[in-house]
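Close look at the chain arrangement
Spelled out, the chains give:
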Amino acid sequence: MLIAGKWVEKEEVIEVCNPQDNSLISTVPAASEEDMLLTIEGAKEGAKVAASMPVHQRMNILNKAAAYIEENLGEYAATIALEGSKTIREATAEVKRCIQTLRISAEEARRINGETIPFDQAEGSEDRIGYYYRFPIGIVAAITPFNDPLNLVAHKVGPAIASGNAIIVKPATVTPLSALLLAEAFEKAGLPSKVLSVITGKGSVIGDLLVTHPAIRMVSFTGGLETGEEIARKAGLKKISMELGSNSPVIVLNDADIEKAVESTVSGAFYAVGQNCLGVQRIYIEEESYETFSSLFVNRVQQYQVGDKMLNTTDMGPMISETEAIRVERWVDEAVAMGARRLTGGKREGAFYPPTVLTDVPPDCTIARQEIFGPVVLLYPVADLDTAIEQSNDVNYGLQAGIFTSNIDKAFEAIGKMDVGGIMINDSSDYRIDGMPFGGVKGSGLGREGVKFTVQEMTEPKVVSFKLAQKRSV
Ligand code: NAD
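Here the structure is a predicted model, which is why all the values come from computation and not from measurement. (Residues numbered from 1 in each chain as written. Predicted model: local features only at pLDDT ≥ 70, side-chain atom pairs only at ≥ 80, totals over all residues. Heavy atoms only, no water.)

**Regarding the overall build of the protein**
Within the protein, the secondary structure is distributed over 15 helices and 20 strands. Along the longest, intermediate and shortest principal axes, the C-alpha atoms of the protein span 75 × 60 × 40 Å. Of all 474 residues assigned to the protein, the portion counted as buried reaches 55%. Once local pairs closer than 6 in sequence are excluded, the contacts in the protein between residues at least 24 apart make up 73%. Of the accessible surface of the protein, which amounts to about 19800 Å², a share of 50% is contributed by carbon and sulfur atoms. (Helix = DSSP H or I, 4+ residues; strand = E, 2+ residues; numbered from the N terminus. Buried < 20%, exposed > 50% of the residue type's maximum accessible area, 1.4 Å probe, protein only. Contact = heavy atoms within 4.5 Å. Areas by Shrake-Rupley, 256 points an atom, 1.4 Å probe, with all protein chains shown as cover.)

**Digging into the pattern of salt bridges**
Applying the stated criterion across every chain, the model contains 26 salt bridges. Residues Asp127 and Lys467 are paired through a salt bridge, measuring 3.2 Å at the closest nitrogen-oxygen approach. In this pair, Asp127 sits in the loop between strand E5 (115-117) and strand E6 (128-136) while Lys467 sits in strand E20 (residues 459-467), placing the two residues 340 residues apart along the sequence. Because the salt bridges share partners, they merge into one network encompassing Lys86, Glu94 and Asp148. (Salt bridge = Lys/Arg side-chain N within 4 Å of Asp/Glu carboxyl O.)

**Structural notes on a nonpolar patch on the surface**
On the surface, Ile129, Tyr131, Tyr133 and Phe466 cluster together into a nonpolar patch covering about 350 Å² of accessible area. The element contributing the most residues to the nonpolar patch is E6, with three residues. Mapped onto the elements of the fold, Ile129 is located in strand E6. (Patch = residues over 30% accessible without salt bridge, like charges linked within 9 Å, V, L, I, M, F, W, Y side chains within 5 Å.)

**Comments concerning the site of the ligand**
Not every one of the 27 residues close to the ligand is listed here, only the nearest: Thr144, Gly224, Thr227, Leu244 and Glu371. At 3.5 Å from an oxygen atom of the ligand is found a main-chain nitrogen or oxygen belonging to Ala172. Between Gly224 and the ligand, the recorded distance is 2.9 Å, taken from a backbone N or O atom to an oxygen atom. Isolated, the ligand exposes 860 Å² of accessible area, and the fraction of that covered by the protein chains is 86%. Counting only elements with at least two residues in the shell around the ligand, the list comes to helix H7 (203-212), strand E10 (218-222) and helix H8 (225-235). Looking at which element gives the most residues to the shell around the ligand, the answer is H8, with three residues. (Near = heavy atom within 4 Å. Polar contact = N/O pair within 3.5 Å; in protein donor to acceptor, adjacent residues only side chain to side chain.)

**Comments concerning the sheet that holds E5**
The strands making up a sheet associate through hydrogen bonds between their backbones, and the pairing can be parallel or antiparallel. As summarised here, the arrangement of the three strands in space is E5-E6-E20, forming an open sheet in which the pairing is antiparallel. Of all strands in the sheet, those bounded by a partner on one side alone are E5 and E20. Direction aside, the axes of adjacent strands within the sheet are offset by 30 degrees on average. Two elements, E5 and E6, share three bridges in a ladder whose sense is antiparallel. By the bridge assignment for E6, Glu115 is matched with Tyr132. (Pairing = 2+ DSSP bridges. Axes fitted to C-alpha atoms, helices over the stretch in contact; angles between N-to-C directions.)

**As for the sheet that holds strand E12 (residues 248-252)**
Strand order in the open sheet formed by seven strands is E14-E15-E16-E13-E12-E17-E18, with mixed pairing between adjacent strands. One side of each edge strand has no neighbouring strand; the edge strands of this open sheet are strand E14 (341-344) and strand E18 (422-425). Between one strand axis and the next, the sheet turns through 25 degrees on average, direction left out of account. Here strand E15 (residues 356-359) runs beside strand E16 (residues 376-382); their pairing, made up of four bridges, is parallel. The residue bridging Val357 from the neighbouring strand is Val377, located in E16. Sheet strands touched by helix H11 (residues 322-337): E14, E15 and E16. Its angle to E15, the strand with the most contacts, is close to 25 degrees. Its contacts with the sheet put helix H14 (residues 408-417) on strand E17 (400-404) and E18, and the angle it makes with E18 is roughly 165 degrees.

Structure representation (structure tokens):
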């Protein structure tokens, strides 16, 4: 791990295994609370260095790190695919997005602007002139999940460096290697030491200290609702950004291009084995189109190639662990026992769970209300758009949604009425680029990511007022 400017090894380690066959890929140090304290002390110095770096230097470092990753794309993609559950195709796409995230961060560094303030709007302030500018908040703690082990880390590290902050990353315990490779890219790019640390260890051992330490000014968390709520309760007086889960809805109306809707939602449901915060979980289809949609959908799912992640021909690999696959199996079995019908699916084998489509799912079973975070999608026929919107909103999540329609008025009705942070017209809920604001409502979180918006969250305005000797001349 990279802490307080040094690469550190320890006797006590955590094994990083390939979920496909449980083979050992590598080990990383199991950090202790002392290691965390050392990291935070180092970051205090790092924060001073980071804040004093001129913008052109920050841009140069971000662009160099992006170029390094581009040159070594194969190694980065293989690491994501090996330690996580993405296929090599999905992992390669993630590396390309990470490069974009860093390049956008470099661009945003030059746009951290302030404004002049017309103080003379207040009576008695005619002799004041001033402005505000944005200053870095200091040290950011980044806690990240397993499902995008490189790009979701870059989404915090890029903006932190662009805005002149130090950052301590605690990557997911099961997928730390991609985050360590990101740190290597920044070291090669000449980032001064102690600006970025990547500390590996269990959230339950080192998490509390990181989250509660008074020197940490912001906790930027991406992960599950339960962990997010616990962290938010503990963090105290600091900024928090919470990118949490969802069970995203997509609405398909009779006037939609049904074939395109099928292609897009199958991909949106099973990307990364459904372990995607934006993944399509619930599809509401207007009754008249239901039969056509569901038979095309099931047909497409049955063509999915499930198997070895490292093959270019594979569409879907294993889940992140057998434990997770067992949880999904349990939720599906519960739904079926309560009356749901399985249109396609099959048996679990170790960490592999087949792409599964359910219908007639009773509203009170777990899978209908919670985030599946696995390769299962629920189809619902609905009478009309109003019913689809009402059912879409009737959960404790609201990250993104999709609607397929060729009627602009209906699209606008959904835009206005759906409780989500983003709505995609004629696209699946999982459409995202790295330059857009991204985040949710309700149990899906607080604050927005997307480089420009993260930069705002990682900086604060400082007001400057000059009192002149006389009323200012225009
Ligand atoms: P998780 O909540 O189990 O873990 C996330 C991180 O929190 C890990 O690094 C973990 O080690 C750490 N952690 C756990 N307990 C902690 C504690 N007490 N203190 C500090 N840190 C602690 O999530 P996961 O299983 O890795 O990821 C899946 C979840 O992430 C899903 O719910 C998914 O929807 C969500 N997610 C959200 C987004 C988004 O941008 N909204 C993106 C990807 C994933």
